[in-house]
Amino acid sequence: MKLHTEIITLCDYALISREGKLSISGIFDELRVQKFPGGIARAFFVATLRGTPDTSYKLKINTENGKKVMNSLDIEVHTSMNGKNNIILELVNLGFEKEGEYKFVIHNGEDEVGSTQLKVLSAEQQQQEVKYKLPN
């Protein structure tokens, strides 16, 4: 079975219970930054993988902006007897140079297993765009 993601997201907090249940809180796909360079103090990258049961996989997780790879992490995971594995990565002081679309991608060799996108926006620009008109 080809390895693929069933769930892949960024969130405020995630954990796996003793029973193996995944809990995800505060899913987001947009981030508003006060000034650039800027970022977020803490977030979690979460993925549920499905592949061949009882198999090890060497994965690479990249953060990309266009074709530019900003961060890269190599990990090894092992699927359970049902072919699943949960990944939780705590991201601390995650920084962004400028506004744009940032892609978080999991690769198994040359194959893309799954990805999610984060849109990073300027908080100041959005505040200026929102204007309220009161009736006279």
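The structure this text deals with has already been given above.
Model, not experiment: these values are computed from the prediction. (Residues numbered from 1 in each chain as written. Predicted model: local features only at pLDDT ≥ 70, side-chain atom pairs only at ≥ 80, totals over all residues. Heavy atoms only, no water.)

Considering the nonpolar core
Thinking step 1. Ranked by internal contacts, the top residues of the largest apolar core, which has 27 residues, are Phe45, Leu49, Leu59, Ile87, Phe104, Ile106 and Leu118.
Thinking step 2. Those elements that place two or more of their residues in this core are β1 (4–16), β3 (30–33), β4 (38–50), β5 (56–65), β6 (68–78), β7 (84–96), β8 (100–108) and β9 (111–122).
Thinking step 3. When sequence neighbours within four positions are dropped, the list of residues in contact with Phe104 reads Ile8, Leu10, Phe45, Asn62, Thr63, Leu91, Leu94, Gly114, Ser115, Thr116 and Leu118. (Core = buried A, V, L, I, M, F, W, Y, C linked by side-chain atoms within 4.5 Å. Buried < 20%, exposed > 50% of the residue type's maximum accessible area, 1.4 Å probe, protein only. Helix = DSSP H or I, 4+ residues; strand = E, 2+ residues; numbered from the N terminus. Contact = heavy atoms within 4.5 Å.)

Structural notes on the environment of Lys67
Thinking step 1. Here Lys67 shows up in the loop between β5 and β6.
Thinking step 2. A residue is classified by how much of its surface remains accessible, and Lys67, at 85% relative accessible area, is exposed.
Thinking step 3. Measuring from C-alpha to C-alpha, the distance between Lys67 and Lys103 comes to 9.9 Å, with 36 residues separating the pair along the chain.

As for the pattern of salt bridges
Thinking step 1. Considering all chains together, one arrives at 8 salt bridges under this definition.
Thinking step 2. Linking Arg42 and Glu90 is a salt bridge whose minimum nitrogen-to-oxygen distance equals 2.7 Å. Of this pair, Arg42 sits in strand β4 while Glu90 sits in strand β7; the two residues are 48 residues apart in sequence, bridging distant segments of the chain.
Thinking step 3. With a relative accessible area of 41%, Arg42 lands in the partly exposed category.
Thinking step 4. Here Lys68 ties to Glu97 by a salt bridge, and the two come within 3.6 Å at their closest N and O atoms. (Salt bridge = Lys/Arg side-chain N within 4 Å of Asp/Glu carboxyl O.)

A few points about the side chain of Thr5
Thinking step 1. Relative to the helices and strands, Thr5 is located in strand β1.
Thinking step 2. Apart from residues lying up to four places away in sequence, Thr5 is in contact with Thr48, Leu49, Ile106, Val113 and Gly114.

Some words on the packing of aromatic side chains
Thinking step 1. Scanning the entire structure with this criterion turns up 3 aromatic pairs.
Thinking step 2. Ring plane angle 75 degrees and centroid distance 5.2 Å describe the contact between Tyr13 and Phe44, whose orientation is recorded as edge-to-face. Highlighted residues: Tyr13 in strand β1 and Phe44 in strand β4, separated in sequence by 31 residues.
Thinking step 3. Accessibility expressed as a relative area gives 5% for Phe44, which makes it buried. (Phe/Tyr/Trp six-rings, centres within 6.5 Å; stacked < 30°, edge-to-face > 60°.)

Some words on the pairing of β9
Thinking step 1. Alignment of β3 against β9, held across 4 bridges, turns out to be parallel. When the sheet's bridge partners are listed, Arg32 is paired in β9 with Leu121.
Thinking step 2. Counted between consecutive antiparallel strands, the loop separating β8 from β9 contains 2 residues, among which Gly109 sits at a positive phi close to 65 degrees. (Pairing = 2+ DSSP bridges.)

Digging into the sheet that holds β8
Thinking step 1. Strand order in the open sheet formed by 5 strands is β3-β9-β8-β5-β6, and the pairing between neighbours is mixed. Either end of the sheet is taken by a strand with one partner, and the two such strands are β3 and β6. Averaged over all pairs of adjacent strands, the angle between strand axes in this sheet comes to 20 degrees, irrespective of strand direction. (Axes fitted to C-alpha atoms, helices over the stretch in contact; angles between N-to-C directions.)

As for the sheet that holds β4
Thinking step 1. Taken in spatial order, the 4 strands make up an open sheet running β2-β1-β4-β7, and their pairing is antiparallel. Single-partner strands in this sheet number two, and they are β2 (22–28) and β7. Averaged over all pairs of adjacent strands, the angle between strand axes in this sheet comes to 45 degrees, irrespective of strand direction.
Thinking step 2. Where β1 lies against β4, 7 bridges are found, and the strand directions are antiparallel. Paired with Thr9 across the strands is Val46, a residue of β4.

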